Amino acid sequence: NYQARVAESGQDEVGQLAQSINELASRLQHHEEQQQEFLADVTHELRTPLSYIQGYSQVLEENWVQDEAERKKYLALIVRESQRLQRLVSELTDLTGAQGEGMKVVLVRTDFQKVVRETTAKMLPAAQEKGIELRIERGQQGQLFVIGDPDRLEQVLLNLLTNAIQYTPQGGRVLVKYEANEDDLQVRVQDTGIGIPARNLPHVFDRFYRVDKSRNRAKGGMGLGLSIVKGIVDRHGGQIWVGSEEGKGTTFFFTVPLASTLSRVE
Ligand code: ADP
């Protein structure tokens, strides 16, 4: 507990020192509170699937269900909840990595078009299944190289595209657009989906933040995806932001430094 405060006596050097100590103390306290909150969130997310798994397996173990189809349903639920746990663990690993030093991010001269093409191709089946048109649009012709980690950039795009497809109803459109500015590449992932209410927008990059918890549980999201994405973009020295209108759609923007044709980073 960093509640203790030093008396700030005045504007002289001692007074200023006291002020800095107090600022530091309150920052430490804030940090500690955030850690507590994080731990509480993790515990909650672990506990829920675990209790489902425990409940369903007990039902099966005790032979409370005789019907074979019904038993299969319980087994499927156990599998689903185990997958959820697995996803949580892997997202937590990514998150602590992306926000600290743990994640391997190797910045090299990367052909951005290639990353976009490959990632979009991976998402096509999911889009087609929902009757969503998934398109790439680029600002200018010619090759575009960025300073980035191709695997991590793919992870960013996969995450944004998965969300865009998930939160866009049948028959909608998802567009990946990128354009070179002075020193960086600006990328946008735009959808014609349900949108995010203005009051929720400032929080979407927070850990464990979900706009609608009940809506998301069935679909498997734990609100970690965008915080991982932000961590990765930060580690590239880029920026990320979002604009949205409820019922109309959402656009996520991010930037990545361009590799100039002269300075090659290998
Ligand atoms: P999750 O893994 O739960 O989807 P994310 O961190 O990826 O978590 O997203 C946080 C929340 O932001 C989601 O729960 C969802 O409500 C909202 N969201 C993210 N992307 C979109 C989008 N393209 N359209 C509408 N809502 C979105």
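The sections below set out a description of the structure shown in this document. One numbering rule holds for all chains: residues counted from 1, following each sequence as written. For a predicted model such as this one, the threshold for reporting local features is a pLDDT of at least 70, and the threshold for listing and counting side-chain atom pairs is 80 or more; totals across whole chains, interfaces and linings nevertheless cover every residue. Values reported for side chains reflect all heavy atoms of the structure, with hydrogen atoms and water molecules removed beforehand.

**Considerations on the overall build of the protein chain**
The number of helices and strands found in the protein chain is 6 helices and 7 strands. Of the regular secondary structure in the protein chain, the N- to C-terminal order runs α-α-β-α-β-β-α-β-β-α-α-β-β. Projected onto its principal axes, the C-alpha positions of the protein chain cover 80 × 55 × 40 Å. Buried means the residue's accessible area, taken with a 1.4 Å probe over protein chains only, is under 20% of the maximum for its type, while exposed means over 50%, and partly exposed covers the values in between. Here the protein chain holds 266 residues, and 40% of them are scored as buried. Looking at the protein chain alone, contacts between residues at least 24 apart form 71% of all its contacts between residues at least 6 apart. On the protein chain, roughly 15,500 Å² of surface is accessible, and the fraction owed to carbon and sulfur atoms is 51%. With 32 positive and 37 negative side-chain charges, the protein chain shows a separation of 6 Å between the mean positions of the two kinds. Only DSSP runs of H or I covering at least 4 residues are called helices, and only runs of E covering at least 2 are called strands; the numbering of each starts at the N terminus. The criterion used for residue contact is that any of the two residues' heavy atoms lie within 4.5 Å. Note that accessible areas follow from Shrake-Rupley with a 1.4 Å probe, and for residues the cover is restricted to the protein chains shown. Charge convention: Lys and Arg are scored as positive, Asp and Glu as negative, and His as well as the terminal groups of each chain are ignored. A single reference atom marks each charge: NZ on Lys, CZ on Arg, CG on Asp, CD on Glu.

**Things to note about a negative patch on the surface**
A cluster of acidic residues, Glu32, Glu33, Glu37 and Asp206, forms a negative patch at the surface. In this structure, Glu37 sits in helix α1 (residues 13-61). Here, patches come from residues exposed beyond 30% relative accessible area and free of salt bridges, joined within 9 Å for like charges and within 5 Å for nonpolar side chains (Val, Leu, Ile, Met, Phe, Trp, Tyr). Criterion for a salt bridge: a side-chain nitrogen of Lys or Arg within 4 Å of a carboxyl oxygen of Asp or Glu.

**Considerations on the nonpolar core**
The term nonpolar core refers to a set of buried residues drawn from Ala, Val, Leu, Ile, Met, Phe, Trp, Tyr and Cys, joined through side-chain atoms within 4.5 Å. Of all hydrophobic cores here, the largest spans 48 residues; its most connected members are Phe112, Leu157 and Phe254. A per-element tally of this core places helix α4 (residues 150-166) first, with 7 residues. Not counting residues within four places of it along the chain, the set of residues in contact with Leu157 comprises Phe112, Val115, Val116, Thr119, Val176, Val187, Val189 and Phe254. Core analysis: the next-biggest nonpolar cluster, separate from the first, contains 5 residues, Tyr56, Leu60, Ile78 and Leu85 among them.

**A look at the sheet that holds strand β7 (residues 249-257)**
At least two bridges found by DSSP between two strands are what make those strands a pair. Reading across the sheet, the 5 strands line up as β2-β4-β5-β7-β6 and stay open at both edges, with mixed pairing between neighbours. Whereas interior strands pair on both sides, the edge strands pair on one side only; in this sheet they are β2 (133-138) and β6 (240-245). When strand polarity is set aside, the average angle formed by the axes of neighbouring strands in this sheet is 15°. With 8 bridges joining them, strand β5 (residues 184-191) and β7 adopt antiparallel strand pairing. Looking at the pairing, Asp191 lines up with Thr250 of β7. Sheet strands in contact with α4 are β2, β4 (173-180), β5 and β7, and its direction is about 25° off that of β5. Only the stretch in contact is used when fitting a helix axis, every axis being a line fitted to C-alpha atoms; angles between N-to-C directions are given from 0 to 180 degrees.

**Topic: the packing of aromatic side chains**
Between the rings of Phe, Tyr and Trp (Trp by its six-membered ring), a pair exists once the centres lie within 6.5 Å; its type follows the angle of the planes, with under 30 degrees stacked, over 60 edge-to-face, and the other angles tilted. All chains considered together, the criterion is met by 6 aromatic pairs. Centroid distance Phe205 to Phe252: 6.0 Å. Interplanar angle 85°. Geometry classified as edge-to-face. Linking Phe205 in the loop between β5 and α5 (213-219) with Phe252 in strand β7, this pair joins segments that are 47 residues apart in sequence. Like Phe205, the residue Phe252 is buried in the burial classification. Their ring planes at 5° and their centres at 5.2 Å tell us that Trp241 and Phe253 sit as a pair that is stacked. Placement of Trp241 in strand β6 and of Phe253 in strand β7 is noted, with a sequence separation of 12 residues between them. For Phe253, a relative accessible area of 15% corresponds to the buried category. In textbook terms, an aromatic cluster arises when at least three aromatic residues are bridged by ring pairs, as seen for Tyr52, Tyr56 and Tyr74. Residue placement shows Arg109 over the ring face of Phe145; its charged tip is 4.0 Å from the ring centre. Charge-over-ring contacts are defined here by two conditions on Lys NZ or Arg CZ: a distance within 6 Å of the ring centre and an angle within 35 degrees of the ring normal. Lying over the aromatic face of Phe38, Arg207 brings its terminal NZ or CZ to 4.3 Å of the ring centre.

In short, shape yes, function no, at least from these values alone.
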